[in-house]
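# Structural description and commentary
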Amino acid sequence: MVTNFSNIQGYIRISDLGNSQGAINCNGIRLNAFLDTNSNGIQDNGENNFPLGQFHYEMNNNEILHNITSPTGIYNIYENNPLNSYNLSYTIDAAYAAMYAITTSNYNNINVANGSGITTYNFPVTILQS
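The sections below set out a description of the structure shown in this document. (Residues numbered from 1 in each chain as written. Predicted model: local features only at pLDDT ≥ 70, side-chain atom pairs only at ≥ 80, totals over all residues. Heavy atoms only, no water.)

What follows deals with the side chain of Asn 32. Structurally, Asn 32 can be placed in strand E1 (residues 28-35). In terms of polar contacts, Asn 32 uses its side chain to reach the side chain of Gln 43, at 2.7 Å. A distance of 2.8 Å separates polar atoms of two side chains, one belonging to Asn 32 and the other to Asn 122. Apart from the residues within four sequence positions on either side, Asn 32 is in contact with Gln 43, Asn 49, Phe 55, Gly 73, Ile 74, Thr 120, Tyr 121, Asn 122 and Phe 123. (Helix = DSSP H or I, 4+ residues; strand = E, 2+ residues; numbered from the N terminus. Polar contact = N/O pair within 3.5 Å; in protein donor to acceptor, adjacent residues only side chain to side chain. Contact = heavy atoms within 4.5 Å.)

In structure tokens:
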């Protein structure tokens, strides 16, 4: 079974490799928001994902902003064209903005090279008040 989680129109190629094992070559971007309890910018063991915000992305500076709510704090964009460029960002929902801050809120001009696999872009969130 193959699922197109990005909902971007395109093709998925599945090839018979001539043996009993298969392989899927997925290239793309993983957006990851997490609660950075020690403020080091890295998701350490025990630091949970942060679902109280939205990911945003724009492709090729086309001024079409995609707003993604993720109950897991993770969202994947699958891409097979290395010429496409992405601007990525994350915002905390207004109801929680007084309690949390985001330390890295955007990445610009991101391309996905063929054969690069999935590259993760982290959006660390810190606690302002308990």
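That shown, we press on.
Mapped onto the secondary structure, Gln 129 falls in the segment after strand E8 (118-127). Measuring from C-alpha to C-alpha, the distance between Gln 129 and Met 99 comes to 5.1 Å, with 30 residues separating the pair along the chain. Setting aside chain neighbours within four positions, we find Gln 129 in contact with Ala 98 and Met 99.

Turning to its location among the elements, Ala 98 is positioned in the loop between strand E5 (85-92) and strand E6 (100-102). Under the relative-accessibility criterion, Ala 98 is labelled exposed at 59%. In this structure the C-alpha to C-alpha distance between Ala 98 and Gln 129, which are 31 residues apart in sequence, comes to 7.8 Å. Ignoring anything within four residues of it in the chain, the contact list for Ala 98 reads Leu 128 and Gln 129. (Buried < 20%, exposed > 50% of the residue type's maximum accessible area, 1.4 Å probe, protein only.)

What follows concerns the packing of aromatic side chains. Taken as a whole and judged by the stated rule, the model has 7 aromatic pairs. Ring centres of Phe 55 and Tyr 90 lie 4.8 Å apart, and the angle between their planes is 55°; this geometry places the pair in the tilted category. Taken as a pair, Phe 55 in strand E2 (residues 53-59) and Tyr 90 in strand E5 lie far apart in primary sequence, 35 residues in all. Relative accessible area serves as the criterion here: at 3%, Tyr 90 is assigned to the buried category. One aromatic cluster is present, built from ring pairs that chain together Phe 55, Tyr 90, Tyr 107, Tyr 121 and Phe 123. (Phe/Tyr/Trp six-rings, centres within 6.5 Å; stacked < 30°, edge-to-face > 60°.)

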